[in-house]
Amino acid sequence: MIFGKHQKVVLASGNPGKIREIQAILKNHPIVPQNQWNIEEAEETGTTFVENAIIKARHAAFHCQLPAIADDSGLVVDALDGAPGVISARYAGIGASDEQNVAKLLAALEGVPEELRTARFICVLVFMQHADDPFPIIAQGVWEGRILQQTAGENGFGYDPVFWVDEYQCSSAQLPAEVKNALSHRGKALKMLTAALANF
Ligand code: IMP
């Protein structure tokens, strides 16, 4: 299949913020959220962000018969051998709240000194022309930081209140959204995808 101009692209997410961001990149192609089809969410069985993003993009492309974009993101903590990693959203169990995930993380890091609390947010974005595309476009963004001893700030979501941003000397939940977007793993991955899709 050739990816023609103005052809729709399905996004394996129903998040309106993500749809807006991707639409701003792929100006020539209407972005349609996957939830417009009556299909189940893909099972995220991969052990890496890139595997899960490919699983989600392939699932969306197959069921919607359209080119697809999917993302996968999370937090990697060195002192925990990379946990919470691909299970960041459900670290404290399926359906866990952000507060429960953060509490579990702080408990797991109890007694770990500041210099060993290094961590990074990861975002992987994948574009596939069709479900059997052997050469998906993969964009990755990384945001380095450290895990605080306690929460600080009200902005953002997920692990933002415990993610220390050295260059601004505050947590990522204390940054205004536009500053976070300019620094973040997601912002970087989106920039990389923009460059890679410039020819489409
Ligand atoms: P998703 O796969 O993009 O829905 O994100 C997975 C999980 O990683 C989220 O539920 C958060 O717990 C965490 N996460 C990803 N990006 C961020 C971020 O920018 N700030 C805080 N937590 C994040």
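Residues numbered from 1 in each chain as written. Predicted model: local features only at pLDDT ≥ 70, side-chain atom pairs only at ≥ 80, totals over all residues. Heavy atoms only, no water.

Undergrad: Teacher, can you tell me more about the site of the ligand here?
TA: The environment of the ligand is formed by 14 residues, the closest being Ser-73, Asp-160, Lys-180, His-185 and Arg-186. Within the side chain of His-185, one N or O atom sits 3.1 Å away from a nitrogen atom of the ligand. In isolation the ligand offers 480 Å² of accessible surface; the protein chains occlude 86% of this area. Among the detected pockets, the ligand sits in the largest pocket. Secondary structure elements with two or more residues in the shell around the ligand: β3 (68-77) and α5 (185-196). Considering each element in turn, the shell around the ligand owes the most residues, three residues, to β3. The class makeup of the residues in the shell around the ligand is four nonpolar, five polar and five charged. (Near = heavy atom within 4 Å. Polar contact = N/O pair within 3.5 Å; in protein donor to acceptor, adjacent residues only side chain to side chain. Areas by Shrake-Rupley, 256 points an atom, 1.4 Å probe, with all protein chains shown as cover. 1 Å grid on protein atoms, 1.4 Å probe; cavity = no way out; pocket = protein on both sides within 12 Å on 5 of 7 lines; lining within 4 Å. Sits in = over half its atoms within 2 Å of the grid points. Helix = DSSP H or I, 4+ residues; strand = E, 2+ residues; numbered from the N terminus. Nonpolar A, V, L, I, M, F, W, Y, C, P; charged D, E, K, R; others polar.)

Undergrad: Just checking my understanding: could you explain empty space enclosed by the protein for this structure?
TA: To find leftover empty space, a probe the size of one water molecule is rolled over the atoms. For the coordinates displayed, the defined rule picks out one cavity of 30 Å³ or more. In this model, the largest cavity occupies a volume close to 60 Å³. Contributing to the lining of the largest cavity are Leu-11, Ser-13, Lys-18, Glu-21, Ile-22, Asp-71, Cys-123, Leu-125, Arg-186 and Leu-190. When residues of the lining of the largest cavity are traced back to their parent elements, those giving at least two are α1 (16-25), β4 (118-128) and α5. Sort the elements by how many residues they give to the lining of the largest cavity and α1 lands first, with three residues. (Points joined across faces, edges and corners; volume = space filled by probe spheres on them.)

Undergrad: Would you mind going over the side chain of Gln-34 with me for this structure?
TA: Inspection of the secondary structure assignment puts Gln-34 in the loop between β2 (31-33) and α2 (49-64). What makes Gln-34 buried here is its relative accessible area of 7%. Every residue in contact with Gln-34, bar those within four places of it in the chain, is listed here: Val-10, Leu-11, Ala-12, Ser-13, Ile-39, Glu-40, Glu-41, His-59 and Ala-60. (Buried < 20%, exposed > 50% of the residue type's maximum accessible area, 1.4 Å probe, protein only. Contact = heavy atoms within 4.5 Å.)

Undergrad: Please explain the layout of surface pockets as it appears in this structure.
TA: When its volume is computed, the largest pocket comes out at roughly 1,200 Å³. As for the largest pocket, its lining consists of 46 residues, and the residues nearest its centre are Lys-18, Asp-71, Ser-73, Phe-157 and Arg-186. Elements with a contribution of two residues or more to the lining of the largest pocket: α1, α2, β3, α3 (98-108), α4 (177-183) and α5. Class assignment for the residues of the lining of the largest pocket results in 14 nonpolar, 19 polar and 13 charged.

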